[in-house]
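Close look at the chain arrangement
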Amino acid sequence: MDELLKYDSVAELVVEAEKRGLKLSELVLKTQAQIAEKTEAEMFAQMARSLEVMKESVQEGMSREKRSASGLTGGDAFKMNEALMGGKTIAGPFFGKAMVKAIAVAQTNACMGRIVASPTAGSCGILPSALLTLQEERNIPDKDLVMALFTASAIGIVIATNASVAGAAGGCQAECGAASAMAAAAMVELCGGTPKQCEHACAIALKNILGLVCDPVAGLVEIPCIKRNAGGVGNALVAAELALAGVESHIPADEVIVAMKKVGDMMSPTLKETAEAGLATTPTGKKLCEKVFG
C-alpha cells in the first residue's frame, strides 16, 4: 500500500498527481479507497449515488408551486427557467442553465428535500449546477462527472482541514466559497485542465468571495442563501474559465485557504450564521422574521 496522503495541502495533492501522471480525481479515488479500506469500485459506486441525488434535487426544485415551510421562498428556479426558455437572459444559455439548477437545488433544501451537502446544505446548489450544466453542454458521461466529484471532494477536505466549510465558523465565504472552489476545480478537470490549473481555479474562486458574511434572514437557510448559490456557481465559472485560459493565481491556493480562515476568525460572531447583523437585521429582514415566527 502506498503511503497515505494527508489531504492538508492542495499543492501536495497536485505534486503527487503530477508525479504519478494522474488526474486529481484518479489520485483521490485511489487514496480514499485505501483510507476507507474499500475497493475503488465501492468508492466509485458511493459517489455515483451522490450524483444521482444531485440530479434528483434539481428536478424537485423546479416546481412552480412548491414553497418552503416558512413561506419565504419557492418558485424562483421555475421563473429563471422561463426567462431562459424565452430567450430573455443576458449571459447566455450556459450561465442561465447553471443558475436555474443552483437555485433549484437550494430550493429543494429549503423545502426539506434530499440534497447532497457539497460541502454544506447552505451551498448545496453550486457544485451540482456547475457539473450538470457542463454535462449537458458537452455531452459528458456520468462516469466522468463522478470522477470530477472526487476532485471536488479533495478540495473540500483541504479547506475543511485548514479553515472551515461552516458558516457558523467562517461566514458564507466558508460555505459558498468552498463550494465555488470545489466546483471550479472539478470543471477544470472535466474540460481537460491539468492538476495545477485545478489548483489555480480553487485559489481564484476563494479569492473572489473572500470576506462574504453569513447573515440568514430569520435564521433560515433561504434568504439570501438561495440566490447566493446562483452567485456561487457564477463565481465557479469565472474561476474555471480563467484557469483554463492559463490565468494563474499569484497567491497559492493553500495560502488563500489560510487567509480565508484568518478572515473568518476576525469576523464578528454576529456575521456568522447568528442572524444578528447584515441582511438579517435590515428593516425588511426583521419584518420577514416576524412574519415567520410571530
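Relevant structure appears above.
All values reported here derive from a predicted model rather than from experimental measurement.

1. Quick look at the overall build of the protein
Counting secondary structure elements, the protein contains 13 helices and zero strands. Listed by position from the N terminus, the elements making up the protein come as α-α-α-α-α-α-α-α-α-α-α-α-α. Computed over its C-alpha atoms, the radius of gyration of the protein comes to 18 Å, within 12% of the 19 Å expected for a compact globule of 294 residues. Taking the principal axes of its C-alpha atoms as reference, the protein extends roughly 60 × 45 × 35 Å. In the protein, the proportion of contacts linking residues at least 24 apart, taken out of those at least 6 apart, comes to 75%. A total of about 12900 Å² of accessible surface is found on the protein, and carbon and sulfur atoms cover 56% of it. A gap of 6 Å separates the mean positions of the 28 positive and 33 negative side-chain charges of the protein.

2. A look at the environment of Pro 269
Secondary-structure assignment places Pro 269 in the loop between α12 (253-266) and α13 (283-293). Put simply, Pro 269 and Gly 171 are 98 residues apart on the chain and 8.9 Å apart in space, counted from C-alpha to C-alpha.

3. Describing a nonpolar patch on the surface
A cluster of nonpolar side chains, namely Val 238, Leu 242 and Val 247, defines an oily patch on the protein surface of about 210 Å² accessible area. In this structure, Leu 242 sits in helix α11 (residues 225-244).

4. Some thoughts on α11
Given a rise of 1.5 Å per residue, 20 residues ought to cover 28 Å, and the 28 Å separating the end C-alpha atoms of α11 matches this to within 8%. Summarising burial for α11: 14 of the 20 residues are buried, a large majority. Positive backbone phi, approximately 95°, marks Gly 246, located one or two places after α11.

5. As for the environment of Gln 59
Tracing the sequence through the fold places Gln 59 in helix α3 (residues 40-60). Here Gln 59 falls in the exposed class, since its relative accessible area comes to 59%. For Gln 59 and Val 105, which are 46 residues apart along the polypeptide, the C-alpha to C-alpha distance reads 8.1 Å.

6. Describing helix α6 (residues 126-138)
Here α6 spans 18 Å end to end across 13 residues, near enough to the 18 Å set by a 1.5 Å rise per residue. Buried within α6 we find Ile 126, Leu 127, Pro 128, Ser 129, Ala 130, Leu 131, Leu 132, Thr 133, Leu 134 and Gln 135. Where α6 is buried, its residues meet α3, α5 (93-110), α7 (142-162), α9 (172-190) and α11. Backbone geometry just downstream of α6 places Asn 139 in the positive-phi region, at approximately 55°.

7. Some remarks on the nonpolar core
Across soluble globular proteins, nonpolar side chains have a tendency to be buried as a group. The biggest cluster of nonpolar side chains holds 76 residues, and the ones touching the most others in it are Leu 127, Leu 131 and Ile 159. Considering each element in turn, this core owes the most residues, 13 residues, to α9. Setting aside residues up to four positions removed in sequence, Ile 159 forms contacts with Ser 164, Val 165, Ala 178, Ala 181, Leu 206, Ile 257 and Met 260.

8. Regarding the state of the cysteines
All chains considered together, the criterion is met by zero disulfides. There is no disulfide at Cys 289, and the cysteine sulfur nearest it, in Cys 225, is 14 Å away. For Cys 289, a relative accessible area of 28% gives the class partly exposed.

About the thresholds
Residues numbered from 1 in each chain as written. Predicted model: local features only at pLDDT ≥ 70, side-chain atom pairs only at ≥ 80, totals over all residues. Heavy atoms only, no water. Helix = DSSP H or I, 4+ residues; strand = E, 2+ residues; numbered from the N terminus. Rg over C-alpha atoms; globule rule 2.2 N^0.38 Å. Contact = heavy atoms within 4.5 Å. Areas by Shrake-Rupley, 256 points an atom, 1.4 Å probe, with all protein chains shown as cover. Lys, Arg positive; Asp, Glu negative; His and termini not counted. Charge placed at Lys NZ, Arg CZ, Asp CG, Glu CD. Patch = residues over 30% accessible without salt bridge, like charges linked within 9 Å, V, L, I, M, F, W, Y side chains within 5 Å. Salt bridge = Lys/Arg side-chain N within 4 Å of Asp/Glu carboxyl O. Expected span 1.5 Å × (residues − 1). Buried < 20%, exposed > 50% of the residue type's maximum accessible area, 1.4 Å probe, protein only. Core = buried A, V, L, I, M, F, W, Y, C linked by side-chain atoms within 4.5 Å. Disulfide = S-S within 2.5 Å.

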